[in-house]
Amino acid sequence: LHQLQQTPFGGVTQTTLPLTILRMGEPGPPEASLGGGRITVYALQVGVKSEDPTMPGNFAVVNLKECAGPNGTKQPTQGVSINALQLETPSGEVSTQIRYPHFVRRPNFPYTGNVNLKPNQCVRGYVGYSMSGSAVLAVAWNGGMNNDYQWALPGSS
């Protein structure tokens, strides 16, 4: 991961940022968008058939929970903002999230839309991804603001 910063005279410097590696089930660092709350990825399954009859093919599902901090969220969140949650693959391919009304597995993650979370309120469910391959290295949160981290799969280093 790299951070780009503009210098006073119009140049740009690049700094390598550390990447935080988490175990499945371990909460991520506090997220400003969740009022200091945290995101936790519990599991990833690849090669899953969709429970939605309109969605043929193979998918991956992430079992995810997001919790607001002690003051709740101060602005409406978009689907509790999981846009930054991605699957890291060996080829660098980006997997596409399956969005409501479609789903891969229930309970699907509640894309709440313009809803604030109350203090310490949590939402949990499955997020589905389309997959063209079968290899996933990690589940990554690319939240920006020096807050990028990933959940490593069991058995990976």
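Our subject is the structure listed above.
Calculation rules
Residues numbered from 1 in each chain as written. Predicted model: local features only at pLDDT ≥ 70, side-chain atom pairs only at ≥ 80, totals over all residues. Heavy atoms only, no water. Helix = DSSP H or I, 4+ residues; strand = E, 2+ residues; numbered from the N terminus. Buried < 20%, exposed > 50% of the residue type's maximum accessible area, 1.4 Å probe, protein only. Contact = heavy atoms within 4.5 Å. Areas by Shrake-Rupley, 256 points an atom, 1.4 Å probe, with all protein chains shown as cover. Disulfide = S-S within 2.5 Å. Salt bridge = Lys/Arg side-chain N within 4 Å of Asp/Glu carboxyl O. Core = buried A, V, L, I, M, F, W, Y, C linked by side-chain atoms within 4.5 Å. 1 Å grid on protein atoms, 1.4 Å probe; cavity = no way out; pocket = protein on both sides within 12 Å on 5 of 7 lines; lining within 4 Å. Points joined across faces, edges and corners; volume = space filled by probe spheres on them. Nonpolar A, V, L, I, M, F, W, Y, C, P; charged D, E, K, R; others polar.

Looking only at helices and strands, one finds 0 helices and 9 strands in the protein. Each helix and strand of the protein, ordered N terminal to C terminal, gives the series β-β-β-β-β-β-β-β-β. Within the span of the protein, comprising 157 residues, buried residues form 39% of the whole. Partitioning the intrachain contacts of the protein with sequence separation of at least 6 by distance along the chain shows that 64% fall at a separation of at least 24. When the accessible surface of the protein is totalled, it reaches about 8,800 Å², and 52% of it is carbon and sulfur.

What follows is about the environment of alanine 152. Mapping alanine 152 onto the fold places it in strand β9 (residues 148–152). The exposure class assigned to alanine 152 is buried, which follows from its relative accessible area of 13%. Along the chain, alanine 152 and leucine 22 lie 130 residues apart, while their C-alpha atoms are 6.1 Å from each other. Beyond its immediate sequence surroundings of up to four residues, alanine 152 is in contact with Ile21, Leu22, Met24 and Ala138.

Under the counting rule described, the total for this entry stands at 1 disulfide. Between the sulfur of cysteine 67 and that of cysteine 122 lies a disulfide, 1.9 Å long from S to S. Taking the sign of the torsion about the S-S bond as the criterion, the disulfide between cysteine 67 and cysteine 122, at about 110 degrees, is right-handed. Here the residue cysteine 67 occupies a position in strand β5 (residues 58–67), and cysteine 122 occupies one in strand β7 (residues 122–130), the gap between them amounting to 55 residues. Residue class for cysteine 122 comes out partly exposed when judged on its relative accessible area of 38%.

Attention shifts here to the pattern of salt bridges. In the structure shown here, the tally under the stated rule is 2 salt bridges. In this structure, arginine 23 and glutamate 26 form a salt bridge, with 3.9 Å as the shortest nitrogen-oxygen distance. With relative accessibility at 26%, the residue glutamate 26 sits in the partly exposed group. Linking glutamate 51 and arginine 105 is a salt bridge whose minimum nitrogen-to-oxygen distance equals 3.9 Å. With glutamate 51 in the loop between β4 (38–49) and β5 and arginine 105 in the loop between β6 (85–88) and β7, this pair connects stretches of sequence that are 54 residues apart.

Residues Leu44, Val62, Leu64, Leu85, Leu87, Val139 and Trp151 are the most contacted members of the largest nonpolar core, which totals 26 residues. Where this core is concerned, the elements lending two or more residues are β4, β5, β6, β7, β8 (138–142) and β9. Contacts of valine 139, omitting those with residues within four sequence positions, involve Met24, Val41, Leu44, Val62, Leu85, Gln86, Leu87, Tyr149, Gln150 and Trp151. Core analysis: the next-biggest nonpolar cluster, separate from the first, contains 6 residues, Val48, Phe59, Ile98 and Val104 among them.

Now for empty space enclosed by the protein. This model, assessed by the stated rule, comprises 1 cavity of 30 Å³ or more. What lines the largest cavity is a set of 10 residues, and nearest its centre among them are Ile98, Phe103, Asn108, Tyr126 and Gly128. Of the residues in the lining of the largest cavity, the class split is 6 nonpolar, 3 polar and 1 charged.

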